[in-house]
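# Summary of structural features
Residue strings, one per chain:
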Amino acid sequence: MAELPGEVRAFLATKGEDGVDRGLGTLPSSELGEGDVVVRVAFSSVNYKDALATIPKGQVARISPLVPGIDLAGTVVEGAGEGDEVLAHGHDLGVAHHGGYAEYARVPADWVVPLPEGMNHRQAMAIGTAGFTAALAVARLERHGVQPGDGPVLVTGATGGVGSTAVSILAARGYEVVASTGKDAREYLDSLGAAEVIGRDDVAGDGKPLGKQRWAAAVDSVGGAVLAGLFPQIRYGGAVAATGLTAGIAVETTVMPFILRSVALLGIDSVETPAEERTEIWRRLADDLRPPQLDDAIAREISLEELEPALDAILEGGLTGRTVVRVAT
Ligand SMILES: NC(=O)c1ccc[n+]([C@@H]2O[C@H](COP(=O)([O-])OP(=O)(O)OC[C@H]3O[C@@H](n4cnc5c(N)ncnc54)[C@H](OP(=O)(O)O)[C@@H]3O)[C@@H](O)[C@H]2O)c1
């Protein structure tokens, strides 16, 4: 069994009277939290939820101080499976239990997933929670019956973490992917395999309960009015996988697309995905759902020291692709 240092290096978010203090510090290893497995963290990543966990209005952090980081990949150094390469995400990680932005994480054994064969720690975090969510969305759409060749599939928030990986996974599987973005990002989205890039305003529709049937399916990471505007534009029998809320949580719609066109709304949750499905999606992420651009094209790398501006940028919708955080020194 490896000896844990008395203190571990960590990025901490601590609630104070005037807001949340964020920054690099140390945490006694005795305070890493409950769990039967200790993982030496190699990489974590930056997700929208991580940024919410570090701001007063985020309503995500449930302990203080908190080590944020809703996902991590590393090596088990204590507990069952010592020496195993693993990853973990969701559950209470980085929310109500210290997460991936620390050298070590102590977690319940049933939170860890074996690192799939053919994938290293960095690649696993280039996918991270966002990529897992995108893969789950694609798997659920296909279980619903959507197939390549059915027609254009729309991805909203396409330059974001969920969006980028969704574009990449769908394009690699032979779908005609239309990427909607608020950024000037044609070159980037082309490189991920988008067949067409359109602006955010181009997905709004005409506001009628039933509109022109443009999309066989959609992966939406935006929510709000954008999601509401998609249902009238989905083809008969198609589906929308709803994953996120960057544009808001209220969705005003009518029943018409659902009862006259058999359109389905598929809710995608990565946090409590049952262990069997979680492991299977990760296995497939190393195989038939693997995004081809797992390295520099889709993910840039930062250190814990560079985390704060990245957290601020993702809140502004300003990050493109995925950001992996090198935790091991
Ligand atoms: N269901 C789950 O289990 C799960 C898992 C992971 C993430 N999520 C959620 O999914 C969403 C995306 O997460 P992420 O980590 O991919 O975040 P992200 O990297 O910030 O991506 C979000 C993208 O949404 C677009 N966007 C931002 N603000 C917008 C606005 N006001 N109106 C329209 N579009 C806007 C931007 O893309 P463009 O500039 O390209 O338009 C942005 O890059 C978040 O809400 C997150 O909480 C949910």
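Right above here is the structure, for reference.
Reference entry: report on the structure contained in this document.

Time to look at the site of the ligand. Near the ligand, the surroundings consist of 27 residues, among which Thr 159, Val 162, Thr 181, Ile 268 and Ser 270 are the closest. Between the ligand and Gly 182, the relevant distance is 2.9 Å, taken from an oxygen atom to a main-chain nitrogen or oxygen of the residue. Separating a nitrogen atom of the ligand from a backbone N or O atom of Thr 243 is a distance of 3.0 Å. In isolation the ligand offers 910 Å² of accessible surface; the protein chains occlude 87% of this area. At the level of elements, helix H2 (121-144) and helix H3 (161-172) are the ones that each hand at least two residues to the shell around the ligand.

The next point concerns a negative patch on the surface. A surface patch of like charges, here negative, comprises Glu 176, Glu 196, Asp 201 and Asp 202. Within the fold, Asp 202 resides in the loop between strand E10 (196-199) and strand E11 (215-220).

On to the packing of H2 against H3. The N-to-C vectors of H2 and H3 enclose an angle of 50°; their axes lie 8 Å apart at closest approach. On the basis of their axis angle, the class for H2 and H3 is oblique. Helix-helix and strand crossings are classified by hand; for H2 and H3 the assignment is right-handed. Counted together, Ala 130, Gly 131, Thr 133, Ala 134, Ala 135 and Val 138 of H2 and Gly 161, Val 162, Thr 165, Ala 166, Ile 169 and Leu 170 of H3 form the full contact between these two elements. The class makeup of the residues in the contact of H2 with H3 is eight nonpolar, four polar and no charged.

One pass over the structure, following the stated rule, counts three aromatic pairs. With a centroid separation of 6.2 Å and 85° between ring planes, the pair formed by Phe 11 and Tyr 101 is classed as edge-to-face. Linking Phe 11 in strand E1 (residues 7-16) with Tyr 101 in the loop between strand E5 (85-89) and strand E6 (104-107), this pair joins segments that are 90 residues apart in sequence. Comparing Phe 11 with Tyr 101 shows no difference in burial state: the two are buried. Ring geometry for Phe 132 and Trp 282: centres 5.9 Å apart, planes at 20°, overall stacked. Here Phe 132, found in helix H2, pairs with Trp 282, found in helix H7 (residues 275-285); they are 150 residues apart in sequence, far enough to count as distant. The same class applies to Phe 132 and to Trp 282, which are both buried.

Time to look at the pairing of strand E3 (residues 37-45). Of all nine residues in E3, eight are buried; the element is thus mostly enclosed. Where E3 lies against E6, four bridges are found, and the strand directions are antiparallel. From the neighbouring strand, Val 37 faces E6, where its bridge partner is Val 107. Sheet topology note: the E3/strand E4 (residues 71-78) ladder contains six bridges and is antiparallel. Directly across from Phe 43, in E4, lies its bridge partner Ala 73. Bridging between E3 and strand E15 (residues 322-326) involves three bridges; their strand directions are antiparallel. Bridge pairing links Ser 45 to Val 324 in E15.

Calculation notes
- Residues numbered from 1 in each chain as written.
- Predicted model: local features only at pLDDT ≥ 70, side-chain atom pairs only at ≥ 80, totals over all residues.
- Heavy atoms only, no water.
- Near = heavy atom within 4 Å.
- Polar contact = N/O pair within 3.5 Å; in protein donor to acceptor, adjacent residues only side chain to side chain.
- Areas by Shrake-Rupley, 256 points an atom, 1.4 Å probe, with all protein chains shown as cover.
- Helix = DSSP H or I, 4+ residues; strand = E, 2+ residues; numbered from the N terminus.
- Patch = residues over 30% accessible without salt bridge, like charges linked within 9 Å, V, L, I, M, F, W, Y side chains within 5 Å.
- Salt bridge = Lys/Arg side-chain N within 4 Å of Asp/Glu carboxyl O.
- Lys, Arg positive; Asp, Glu negative; His and termini not counted.
- Charge placed at Lys NZ, Arg CZ, Asp CG, Glu CD.
- Axes fitted to C-alpha atoms, helices over the stretch in contact; angles between N-to-C directions.
- Parallel < 35°, antiparallel > 145°, perpendicular 65-115°, else oblique.
- Left-handed = near helix turned anticlockwise from the far one by under 90°.
- Contact = heavy atoms within 4.5 Å.
- Nonpolar A, V, L, I, M, F, W, Y, C, P; charged D, E, K, R; others polar.
- Phe/Tyr/Trp six-rings, centres within 6.5 Å; stacked < 30°, edge-to-face > 60°.
- Buried < 20%, exposed > 50% of the residue type's maximum accessible area, 1.4 Å probe, protein only.
- Pairing = 2+ DSSP bridges.

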